[in-house]
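Here are the chains, one letter per residue:
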Amino acid sequence: MTTTTVPTDRERRAAQAYLRLLNAVRAAFAEAGGGPVAVPPAVLAEADRALREAGLTGTEEIFLRRVGRHAASPR
């Protein structure tokens, strides 16, 4: 039997902020064409803040599992 953990609003916001960060990094690499990569500081700050507020700082394994579930769920 498997159990499903329902994310809190803070955890959901952290997952969304992480996905925005991931998309920004992907876009930066695509635009860089092999050159230096610059990710907007505001995107990094948002992800850091969201992780801290969700109590997920230092719990990357748990967080990434939740991100995977969030990314796979229909919106």
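Keep in mind the model is a prediction, meaning the values are calculated, not measured.

Looking at the overall build of the protein chain
A count of helices and strands for the protein chain gives three helices and zero strands. Sequence-ordered secondary structure for the protein chain, helices as α and strands as β, is α-α-α. Looking at the protein chain as a whole, 21% of its 75 residues qualify as buried. Partitioning the intrachain contacts of the protein chain with sequence separation of at least 6 by distance along the chain shows that 67% fall at a separation of at least 24. Carbon and sulfur atoms make up 57% of the accessible area of the protein chain, which amounts to about 5500 Å² in all.

Here's the deal with the nonpolar core
Counting five residues, the largest nonpolar core consists of Ala14, Ala17, Ala50, Ala54 and Leu56. Those residues in contact with Ala50 that sit more than four places away from it in its chain are Arg10, Arg13, Ala14 and Ala17.

Observations concerning the pattern of salt bridges
One pass over the full model with this rule turns up two salt bridges. As a salt-bridge pair, Glu46 and Arg20 come within 2.5 Å of each other at their nearest N and O atoms. Of this pair, Glu46 sits in helix α2 (residues 41-53) while Arg20 is found in helix α1 (residues 9-32), placing the two residues 26 residues apart along the sequence. Residue classification places Arg20 among the partly exposed residues on the basis of a relative accessible area of 41%.

A word on the side chain of Glu11
Looking at where Glu11 falls in the secondary structure, it is placed in helix α1. Given a relative accessible area of 13%, Glu11 falls into the buried group. Among the polar contacts made by the side chain of Glu11, one reaches the main-chain amide nitrogen of Thr8 at a distance of 2.8 Å. For Glu11, the residues in contact, after removing those within four places along its chain, are Val6, Ala54, Leu56 and Arg66.

A word on the confidence of the model for the protein chain
Across the protein chain, pLDDT averages 79, with 81% of residues at or above 70. Here helix α3 (residues 60-72) stands out as the least confident element of the protein chain, with mean pLDDT 70; α2 is the most confident, with 86.

Focus: the environment of Gln16
Inspection of the secondary structure puts Gln16 in helix α1. As for Gln16 and Ala47, which are separated by 31 residues in sequence, their C-alpha atoms are 8.6 Å apart.

A word on the environment of Gly68
Mapped onto the secondary structure, Gly68 falls in helix α3. By relative accessible area, Gly68 is classed as partly exposed at 39%. Sequence separation of Gly68 and Leu19 is 49 residues, and the distance between their C-alpha atoms is 9.8 Å.

Conventions and cut-offs
Residues numbered from 1 in each chain as written. Predicted model: local features only at pLDDT ≥ 70, side-chain atom pairs only at ≥ 80, totals over all residues. Heavy atoms only, no water. Helix = DSSP H or I, 4+ residues; strand = E, 2+ residues; numbered from the N terminus. Buried < 20%, exposed > 50% of the residue type's maximum accessible area, 1.4 Å probe, protein only. Contact = heavy atoms within 4.5 Å. Areas by Shrake-Rupley, 256 points an atom, 1.4 Å probe, with all protein chains shown as cover. Core = buried A, V, L, I, M, F, W, Y, C linked by side-chain atoms within 4.5 Å. Salt bridge = Lys/Arg side-chain N within 4 Å of Asp/Glu carboxyl O. Polar contact = N/O pair within 3.5 Å; in protein donor to acceptor, adjacent residues only side chain to side chain. pLDDT = per-residue confidence, 0-100.

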